[in-house]
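The residues making up each chain are set out below.
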Amino acid sequence: MTFLWPEFLWLLLALPLLVMLYLWLLRRKKKMALRYASLSIVKEALGPGQTIRRHVPPALFLLAIAAMLVAAARPQAVMLLPSNQQTIILAMDVSGSMRATDVKPSRLEAAQSAAKAFLAELPRHVKVGIVAFAGSAQVAQLPTTNREDLVTAIDRFQLQRATATGNAIVISLATLFPDAGIDLQSLQAGRERQRGLAIDADHKEKKEFTPVAPGSYTSAAIIMLTDGQRTTGVDPLEAAKMAADRGIRVYTVGIGTVDGETIGFEGWSMRVRLDEETLKAIATKTSAEYFYAGTSQDLHKVYETLSSRLTVEKKETEVSALFALAAALLALVSAGLSLLWFNRIL
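No experiment lies behind these values; they were computed from the predicted model shown.

A. Inspection of the overall build of the protein at higher detail. Looking only at helices and strands, one finds twelve helices and eleven strands in the protein. Counting the 346 residues in the protein, one finds 42% classified as buried. When contacts within the protein are restricted to residue pairs at least 6 apart in sequence, long-range pairs at least 24 apart make up 79% of them. For the protein, the accessible surface area stands at approximately 18700 Å², while carbon and sulfur atoms represent 58% of it.

Right, here's the structure in full:
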């Protein structure tokens, strides 16, 4: 725990003085009690139970004063609080390898099911956008709070060839910052212009911006799920740097085999391998995390974890109000017990 005004803690040194004052008052009352005709009357009035009771209200009041002094020092503590995350982009791989059935019933169907469950867990005020990527990347659904539209967009996925993980990050950033002039074409110098990218159909003037600390932009995040490695498009690490410079965390989720395998469908085959090294590098560069899901159950658990990470976060916050409330309650209890037992306040 830290304090914004630690100087006020010096006032706690006055508490021992208050204890000494209280003991002095007790001795004074004892001397006055000697004026009674018989000490037996005093002992009868102040039996063992009464002796303990008489110290309880003052002790509680002393604790109330201590709590008030701590509150005045404005204490801060790390607490779990609702996140101010407002927008999440789900970038989902729809390359041909997502047909593989090593994750039941298939990688694509498992990913769709887990994504829908993730949407159901999120608070309704959080906007979610969908980016689908294979050889190109495109916005399947602009950020919205309408969960039905998001589910429909997930159900519309069409498998394509190739994998452009870098493009997925760039398009996700362009979706989060539509006025920032993020241009995918300028990052693909010498490459064939991407098709089907409505978001970058027009040339956008590149705007200057000041880089911020990685992970410092807490109003948005990107979750990218893929089962392969980049075969075309922008270098994913270059795209990750763009995200890091804008403070956006890119959580990466790997699905499928790490060692690589050959899968076949519709009369042709291809060898796919999960590029964990790059996915981990993307997450590290953007101050996020990498998750691996080898089964559909693992994938659901990953999304459950991400849901909790993105809706609740640890924050250092001022807790003066809690100490002030404790002080008020202690003072009320002290006064109440004093009235109940002795018909007076302290």
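B. Spotlight on the pattern of salt bridges. Evaluation of the coordinates by the stated rule reveals four salt bridges. Of the charged contacts, one joins K116 and D155 as a salt bridge, the two residues approaching to 2.5 Å between their closest N and O atoms. Of this pair, K116 sits in helix α5 (residues 107-121) while D155 sits in helix α6 (residues 147-155); the two residues are 39 residues apart in sequence, bridging distant segments of the chain. Note on K116: relative accessible area 29%, which makes it partly exposed. In this structure, the salt-bridge partner of K241 is D245, at a minimum N-O distance of 2.9 Å. Residue K241 and its partner D245 are located together in helix α9 (residues 236-245), separated by four residues, close to a single helical turn. According to the relative accessible area criterion, K241 is partly exposed, its value standing at 47%. Looking at D245, the relative accessible area reads 18%, which means it is buried.

C. Fine view of unusual backbone geometry. Residue P105 is bonded to the preceding K104 through a cis peptide linkage, with omega at -5°. Positioned with a positive phi, R74 is a non-glycine residue whose angle comes to about 55°. Residue placement: R74 occurs in the loop between α4 (56-72) and β2 (75-82). R74 gets classed as partly exposed once you look at its relative accessible area, which sits at 25%.

D. Molecular detail of α5. The end-to-end C-alpha distance of α5, which contains 15 residues, comes to 21 Å, matching closely the 21 Å that a straight helix rising 1.5 Å per residue would cover. Within the sequence span of α5, burial applies to R107, L108, A110, A111, Q112, A114, A115, F118 and L119.

E. Inspection of a nonpolar patch on the surface at higher detail. A cluster of nonpolar side chains, contributed by L4, W5, F8 and L11, occupies part of the molecular surface with about 360 Å² of accessible area. Given a relative accessible area of 37%, L4 falls into the partly exposed group.

F. The arrangement of the packing of α4 against helix α12 (residues 320-342) in detail. Contact pair α4 / α12: the axes reach a minimum separation of 8 Å and the direction vectors enclose 165°. As the angle between them shows, α4 and α12 are arranged roughly antiparallel. Here the hand of the crossing between α4 and α12 comes out left-handed. Packed against α4, whose contacting residues are V56, P57, P58, L60, F61, L63, A64, A67, M68, V70 and A71, the element α12 presents S320, F323, A324, A327, L330, A331, V333, S334, L337, S338, W341 and F342 at the interface. The residue inventory of the contact of α4 with α12, partitioned by class, reads 20 nonpolar, three polar and no charged.

G. A look at the packing of α5 against α6. It is the contact of α5 with α6, at a shortest axis distance of 10 Å, that shows an interaxial angle of 170°. Overall, the two elements α5 and α6 adopt an arrangement that is roughly antiparallel. Along its contact with α5, which presents Q112, A115, K116 and L119, the element α6 presents R147, L150, V151, I154 and D155. For the contact of α5 with α6, the class distribution of residues is five nonpolar, one polar and three charged.

H. Spatial organisation of the confidence of the model for the protein. On average, residues of the protein score 82 in pLDDT, and 80% of them reach the 70 mark or higher. In this model, residues 190-204 is a region of pLDDT below 50 whose contacts with residues beyond four sequence positions or in other chains number 31 contacts.

I. Region of interest: the sheet that holds strand β5 (residues 137-144). Taken in spatial order, the six strands make up an open sheet running β5-β4-β3-β6-β7-β10, and their pairing is mixed. A strand with exactly one partner marks an edge of an open sheet, and here the two such strands are β5 and β10 (290-293). When strand polarity is set aside, the average angle formed by the axes of neighbouring strands in this sheet is 15°. Sheet topology note: the strand β4 (residues 127-133)/β5 ladder contains five bridges and is antiparallel. Across the sheet, residue A132 finds its bridge partner in β5, namely Q138. Running over the sheet, helix α7 (residues 165-176) touches β3 (87-93), β4, β5, β6 (220-226) and β7 (249-255) and is turned about 155° from β6.

J. Representation of the pairing of β4 in the model. Most of β4 sits inside the fold, with six of its seven residues counted as buried. Pairing of β3 with β4 involves seven bridges; the strand directions are parallel. Looking across to β4, one finds that L90 is bridged to I130. You can see the chain leave β3, run along α5 and come back into β4, and the turn it takes is right-handed. Between β4 and β5, which pair antiparallel one after the other, the connecting turn spans three residues.

Conventions we followed
Residues numbered from 1 in each chain as written. Predicted model: local features only at pLDDT ≥ 70, side-chain atom pairs only at ≥ 80, totals over all residues. Heavy atoms only, no water. Helix = DSSP H or I, 4+ residues; strand = E, 2+ residues; numbered from the N terminus. Buried < 20%, exposed > 50% of the residue type's maximum accessible area, 1.4 Å probe, protein only. Contact = heavy atoms within 4.5 Å. Areas by Shrake-Rupley, 256 points an atom, 1.4 Å probe, with all protein chains shown as cover. Salt bridge = Lys/Arg side-chain N within 4 Å of Asp/Glu carboxyl O. Expected span 1.5 Å × (residues − 1). Patch = residues over 30% accessible without salt bridge, like charges linked within 9 Å, V, L, I, M, F, W, Y side chains within 5 Å. Axes fitted to C-alpha atoms, helices over the stretch in contact; angles between N-to-C directions. Parallel < 35°, antiparallel > 145°, perpendicular 65-115°, else oblique. Left-handed = near helix turned anticlockwise from the far one by under 90°. Nonpolar A, V, L, I, M, F, W, Y, C, P; charged D, E, K, R; others polar. pLDDT = per-residue confidence, 0-100. Pairing = 2+ DSSP bridges. Right-handed = clockwise from strand over helix to strand, strands pointing away.

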